[in-house]
Amino acid sequence: MRLRLLTDVRQAIREHGAHGYPHEVCGALLGREVAAGGNGLAGLREVTAVLPLENRRDDSPRNRFSVTAEDVLRAERAADERSLELLGWYHSHPDHPARPSEFDREHAWPWYSYVILSVAQREPGEMTSWRLADDRSGYAAECIEVA
Amino acid sequence: MAVKVMIPTPLRSYAGKRDHVEVAAKTVGEALSSLIAEHGDLRRHLYQDDGRLRSFVNVYVNDDDIRYLQKEATPLHDGDTVSIVPSIAGGTNPCHSGPGEEPAFCVKDGEKRIPRANPALGIKDAVER
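All figures in this text were calculated on a predicted structure; none of them were measured in a lab. (Residues numbered from 1 in each chain as written. Chains lettered and ligands numbered in written order. Predicted model: local features only at pLDDT ≥ 70, side-chain atom pairs only at ≥ 80, totals over all residues. Heavy atoms only, no water.)

## Here we look at helix α1 (residues 7-20) of chain A
Residue and element names in this part refer to chain A. Here α1 spans 20 Å end to end across 14 residues, near enough to the 20 Å set by a 1.5 Å rise per residue. Within α1, burial applies to V9, I13, R14, H16, G17, A18 and G20. Taken together, the buried residues of α1 touch β1 (2-5), β2 (26-35), β3 (44-53), β5 (85-94), β6 (113-120) and β7 (123-132). (Helix = DSSP H or I, 4+ residues; strand = E, 2+ residues; numbered from the N terminus. Expected span 1.5 Å × (residues − 1). Buried < 20%, exposed > 50% of the residue type's maximum accessible area, 1.4 Å probe, protein only. Contact = heavy atoms within 4.5 Å.)

Written as structure tokens, this is what we have:
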């Protein structure tokens, strides 16, 4: 599985993560499925736009993020208006590696791409992408390409 | 009662790639049970092991969240639309775990700890970053 990010998209996620530090930031990934593929199958998605969203977890924003159902519907409408698909979500891990946590796994949906950006001391670092396994047991890494 | 159940994009591959199914049900609980009876792979994504709906699974009857109605006992009427809408959550593991537990990774007061190898989390090697 591959996830292609336009250069502007990658930069927008990095800037959002740095700007929001030390809080977690989050947003929606909009684009197209270029070649379909499930977990373990070849596939390519291209993210051409992001929709930064407000982190609704104001009780623990340094280590949690939340996107409400209303925001999900708003992101779907934003994708529709651009003739794009809502492909997944990004969020930052302030002062943590760009690896999905157990909390991420427990709360993940299948099919969506989950991009994680590590931000260390306000400096954006590694970016990874993951998809939940069909049986919810773990994640499969998606290879990020920047175009 | 014939009702329409809308399937969100991330779950469509477990429902024959359909964006909705028609079921006969008198309550939301019955509608979801009918859905799962037909598409069993949906269960683990909608329900916890104890049988409760997962916290990030939101169910609406027409435009109303069932949490503010009668939850899964919410009655349905002919022609109603039941929508399953995701909410999204995540975040890092807590920096400090309980006694005897090592955090997966932690930076505190400039001290950098090393993540433990944890294949379940995709951490293959303990590498200082």
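## Here we look at the sheet that holds strand β8 (residues 139-146) of chain A
Residues and elements named next belong to chain A. Around the barrel, which closes on itself, the seven strands sit in the order β1-β3-β2-β5-β6-β7-β8 with mixed pairing between neighbours. Averaged over all adjacent pairs, the angle separating strand axes in this sheet is 35°, with direction ignored. Pairing geometry for β2 and β3, over nine bridges, is antiparallel. Following the sheet pairing, C26 is matched in β3 by L53. Across the sheet, α1 touches β1, β2, β3, β5, β6, β7 and β8, and the angle it forms with β3 is around 35°. Running at roughly 125° to β5, helix α2 (residues 69-81) makes contact with β2, β3 and β5 of the sheet. (Pairing = 2+ DSSP bridges. Axes fitted to C-alpha atoms, helices over the stretch in contact; angles between N-to-C directions.)

## A short note on the sheet that holds strand β2 (residues 20-24) of chain B
Taken in spatial order, the five strands line up as β2-β1-β5-β3-β4 (chain B) in an open sheet, and their pairing is mixed. Each edge of the sheet is formed by a strand with only one pairing partner; in this case those strands are β2 and β4 (64-65) of chain B. Of the pairings in the sheet, the one linking strand β1 (residues 2-6) of chain B to β2(B) comprises five bridges and is antiparallel in character. Bridge assignment links V5(B) to a residue of β2(B), and that residue is V21(B). Contacts from α2(A) reach β3 (57-61) and β5 (81-86) of chain B, with the element oriented near 95° to β5(B).

## Side note on the interface of chain A and chain B
Taken together, the contacts link 40 residues of chain A with 30 residues of chain B. Taking both sides of the interface into account, the surface hidden between chain A and chain B amounts to around 3,200 Å²; carbon and sulfur atoms contribute 61%. In this structure, the connection of chain A to chain B is made through zero salt bridges. Between the two partners, chain A and chain B, sit twelve residue pairs in polar contact (both at pLDDT 80 or more). Broken down by secondary-structure element, the contributors of at least two residues to the side of chain A that touches chain B are β4 (65-67), α2, β5, α3 (102-106) and β7 of chain A. When grouped by side-chain class, the residues that make up the side of chain A that touches chain B number 17 nonpolar, ten polar and 13 charged. Judged from the three bridges that link them, β4(A) and strand β6 (residues 88-90) of chain B form a sheet pairing that is antiparallel. Within the sheet, the bridge partner assigned to F65(A) lies in β6(B) and is G90(B). (Buried area = accessible area lost by both parts, 1.4 Å probe. Salt bridge = Lys/Arg side-chain N within 4 Å of Asp/Glu carboxyl O. Polar contact = N/O pair within 3.5 Å; in protein donor to acceptor, adjacent residues only side chain to side chain. Nonpolar A, V, L, I, M, F, W, Y, C, P; charged D, E, K, R; others polar.)

Nothing here speaks to function; it is geometry throughout.
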